[in-house]
Amino acid sequence: MTSPVSPKHFTNAMRALVGNCSVITVGEGQDRSGLIVTSAMSLSAEPPLLLACINRSSSSWPLLKQYGYFGWSSLGAQHQHVAERFAGFGGVKGVDRYTGAQWITAQTGALLLEDAPAAFDCEIEEMIDRGTHSIVIGRVCAVEENADRGALVYWDGKFRSLENDL
């Protein structure tokens, strides 16, 4: 049997992968939080399902269990400030992460970034615990789109903007 890979070695290697940055929002009023993920993706078109992997030690995880819905907003090229706030740069936490951006309230009550390239309003269908994370499966209730917003990606430990070149 081979020796196990250390968590530090694994996370360093994962930095070589390019990931689309998205914000997961959850909660209501002053009981809101959210986080940046690069692990959100489509799961199924029929029915429309998404999945995101959320660390169970994050401040958002208990709110996902409590509220049963979430917003997923893909970040555009202009959203580095949003990514930094939701990543907790400068110690920003909870409801303060929402400052400096425009939000719309979706039908479930989740907040979606108003000018996101794509945003999804989701009800939690299932949470599957594996290792340090939960695989959160969301049933899509509504979709918002904004064309030509570019993308914000995470690569080599940094947020990077991709503009539409077409």
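Below is a short write-up of the structure. Quantities reported herein were computed from a predicted structural model and do not represent experimental measurements. (Residues numbered from 1 in each chain as written. Predicted model: local features only at pLDDT ≥ 70, side-chain atom pairs only at ≥ 80, totals over all residues. Heavy atoms only, no water.)

1. Re the sheet that holds strand 6 (residues 69-74)
Test applied: Two strands are counted as paired when DSSP detects at least two bridges linking them. Under the scheme used here, helices are H or I runs from DSSP no shorter than 4 residues and strands are E runs no shorter than 2 residues, and both carry numbers assigned from the N terminus. The convention used is that axes are lines fitted to C-alpha atoms, helices contributing only their stretch in contact, and that angles between N-to-C directions extend from 0 to 180 degrees.
Taken together, the 7 strands give an open sheet; going across it, the order is 3-2-6-9-10-5-4, and neighbouring strands pair in antiparallel fashion. What marks the edges here is a single partner per strand, and that holds for strand 3 (31-37) and strand 4 (41-45). Recorded for the sheet is a direction-independent mean angle of 30 degrees between the axes of neighbouring strands. Where strand 9 (residues 118-130) and strand 10 (residues 133-145) come together, 12 bridges link them in antiparallel fashion. Along strand 10, the bridge assignment pairs Glu123 with Arg139.

2. Observations regarding the pattern of salt bridges
The test is simple: Any Lys or Arg side-chain nitrogen located within 4 Å of an Asp or Glu carboxyl oxygen qualifies as a salt bridge. Think of it in three bands: residues with accessible area under 20% of the maximum for their type are buried, residues over 50% are exposed, and the middle band is partly exposed, with areas taken using a 1.4 Å probe on protein chains only.
Summed over all chains, the structure comprises 1 salt bridge. Here Glu125 ties to Arg139 by a salt bridge, and the two come within 2.7 Å at their closest N and O atoms. Here Arg139 lies in strand 10 and Glu125 lies in strand 9, a separation of 14 residues in the sequence. We classify Glu125 as partly exposed; its relative accessible area is 41%.

3. Description of the sheet that holds strand 12 (residues 158-162)
Reading across from one edge, 1-11-12 is the order of the 3 strands in this open sheet, with antiparallel pairing throughout. Edge positions in the sheet fall to strand 1 (19-20) and strand 12, since each has one partner strand and no second.

4. Things to note about the state of the cysteines
Definition in use: Any pair of cysteine sulfurs within 2.5 Å is marked as a disulfide.
Applying the stated criterion across every chain yields a total of 0 disulfides. The structure places no disulfide on Cys21, whose sulfur is separated from the nearest cysteine sulfur, that of Cys53, by 15 Å. Here Cys122 is not cross-linked by a disulfide; its sulfur's nearest cysteine counterpart is in Cys141, at 6.8 Å.

5. Focus on the side chain of Ser60
What counts, and what does not: We call two N or O atoms a polar contact when they sit within 3.5 Å, provided that within protein one can donate a hydrogen and the other can accept it, with sequence-adjacent residues counted only if both atoms are side-chain atoms. Contacts are residue-level and defined by heavy atoms, with any inter-residue pair within 4.5 Å sufficient.
Summarising the element assignment, Ser60 is placed in the loop between strand 5 (48-55) and helix 2 (61-67). At 3.2 Å, the side chain of Ser60 and the backbone nitrogen of Gly34 are in polar contact. Excluding its chain neighbours within four sequence positions, the residues that come into contact with Ser60 are Val26, Ser33, Gly34 and Leu35.

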